[in-house]
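Next come the chains, spelled out residue by residue.
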Amino acid sequence: VVKGGALDRAAARNLERGGLSLLYTIMLSTSGKAISTAIRACIEEAGRPVIFHCQKGKDRTGIIAMLLQNCCLEEDRSIIEA
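Each chain carries its own residue numbering, running from 1 in the written order of its sequence. Owing to the predicted nature of the model, reporting of local features is limited to residues with pLDDT of at least 70; listing and counting of side-chain atom pairs is limited to 80 or more, with chain, interface and lining totals taken over all residues. No hydrogens and no water enter the side-chain calculation; it runs on all heavy atoms of the structure.

Draft legend 1. Representation of the environment of leucine 67. The secondary structure listing takes helices from DSSP runs of H or I that are at least 4 residues long and strands from runs of E that are at least 2 residues long, numbered from the N terminus. Mapped onto the secondary structure, leucine 67 falls in helix H3 (residues 59–71). Beyond its immediate sequence surroundings of up to four residues, leucine 67 is in contact with Leu28, Ile35 and Ile39. Contact definition: two residues touch when any of their heavy atoms are within 4.5 Å.

Draft legend 2. Examining the pattern of salt bridges more closely. One side-chain nitrogen of Lys or Arg within 4 Å of one carboxyl oxygen of Asp or Glu is enough to make a salt bridge. For the structure shown, the criterion picks out one salt bridge. In this structure, glutamate 45 and arginine 48 form a salt bridge, with 2.7 Å as the shortest nitrogen-oxygen distance.

Draft legend 3. Summary view of the nonpolar core. Counting residues in hydrophobic clusters, the biggest one holds eight residues: Leu23, Met27, Ile35, Ile39, Cys42, Ile63, Ile64 and Leu68. Broken down by secondary-structure element, the contributors of at least two residues to this core are helix H1 (5–30), helix H2 (32–44) and H3. Ignoring anything within four residues of it in the chain, the contact list for isoleucine 35 reads Met27, Leu28, Ile63, Ile64 and Leu67. To form a nonpolar core, buried Ala, Val, Leu, Ile, Met, Phe, Trp, Tyr and Cys residues must be joined to one another through side-chain atoms within 4.5 Å. Each residue gets one of three labels from its accessible area relative to the maximum for its type: buried under 20%, exposed over 50%, partly exposed in between, using a 1.4 Å probe on protein chains only.

As structure tokens, this is what we get:
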């Protein structure tokens, strides 16, 4: 088990090899419950404005935004350009 900053350094080394696609793959494969909780919370507010944010950066917020756009049947090109 790696603790604290060593975990961050190990993750960073692996991400340097795999880039953002690896980061997003890891997030989607390890955070399914948290992501589905966030999406369900947004769906429960249907018809009302929703604000969501990420505590440490933009990546998790972006993935949730992309999935929500997909749920709303946005075209892939629109999601990519957003």
